Amino acid sequence: MGRRKIEIKRIENNTKRQVSFCKRRNGLLKKACELSVLCDAEVALLIFSSRGRLYEYASNSTKSTIERYKNACLDSSETSSIAETNTQVNEYYQQESAKLRLLIQNMQDCNRHLLGEEVSSLNSKDLEQLESKIVQGLIKIKSKKVMELENENAYLQAKVAEVERLKQANSNMSVLDLNAFQALSLNSFTPIAVEGSTSYSQPEQNILHLW
């Protein structure tokens, strides 16, 4: 007769459960020892009975094997965390790159449409939006030109005012020079009395001629 399979569930009978525990515990410890020897593996086995008794087997040291297990779990967790972070970063950059490519494509299409290219493929809504953009662009251009003309006009007015100021200053200087010249001429004028006639020197005659 072949070995009969049993249903894997808790054994309700205490005696049978204890007997089964002892047999399977010894078999498990034996298998752990064989695995360690045959395969040069580091094995640590801990078993607690239902009554709380501890049974263990360790090919090296239970404590050192547990520390090695903790380090391995920590390294695995860090590696997994780094890999997950890198994946998230790559996904983010891929999404941003796709958004930028789409934005560039839309801007290029819009520029072509504004230049009158490929407008036959647009529907009525797109044409209305294109018309609105053109009108807004013309308004901006007109406002910019008006502002430039106003600035240029203000500049020319300032230049004209500056020229008038300089002209007025030169005119005032000329009047002052003439007054000073007249005052100097009057102060240096010395008449020579001659009976029956009035005689003047040549410079004085020139001054009188000017008068």
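For the record of the protein, the UniProt heading Function (unreviewed entry) holds the text "Probable transcription factor." Recorded in UniProt for the protein, the comment headed Subcellular location (unreviewed entry) runs: "Nucleus".

Let us now look at the UniProt feature "coiled-coil region" (unreviewed entry) in the protein. UniProt's entry tags residues 139-169 with the feature "coiled-coil region" (unreviewed entry), counted in the numbering of this structure. Between the end C-alpha atoms of residues 139-169 the distance is 45 Å, and the span holds 100% helix and 0% strand.

With that settled, consider the nonpolar core. The biggest cluster of nonpolar side chains holds five residues, and these are Ala32, Val43, Leu45, Ile47 and Tyr55. What Leu45 contacts, discounting residues up to four positions off in sequence, is Leu28, Leu29, Ala32, Tyr55, Glu56 and Tyr57.

We now examine a nonpolar patch on the surface. Judged by side-chain polarity, Leu46, Phe48, Leu54 and Ile66 come together as a nonpolar surface patch covering roughly 380 Å² of accessible area. Here Ile66 is to be found in helix α2 (residues 62-114).

Definitions and cut-offs
Residues numbered from 1 in each chain as written. Predicted model: local features only at pLDDT ≥ 70, side-chain atom pairs only at ≥ 80, totals over all residues. Heavy atoms only, no water. UniProt positions renumbered as here; feature names shortened; annotations may be inferred. Helix = DSSP H or I, 4+ residues; strand = E, 2+ residues; numbered from the N terminus. Core = buried A, V, L, I, M, F, W, Y, C linked by side-chain atoms within 4.5 Å. Buried < 20%, exposed > 50% of the residue type's maximum accessible area, 1.4 Å probe, protein only. Contact = heavy atoms within 4.5 Å. Patch = residues over 30% accessible without salt bridge, like charges linked within 9 Å, V, L, I, M, F, W, Y side chains within 5 Å. Areas by Shrake-Rupley, 256 points an atom, 1.4 Å probe, with all protein chains shown as cover. Salt bridge = Lys/Arg side-chain N within 4 Å of Asp/Glu carboxyl O.

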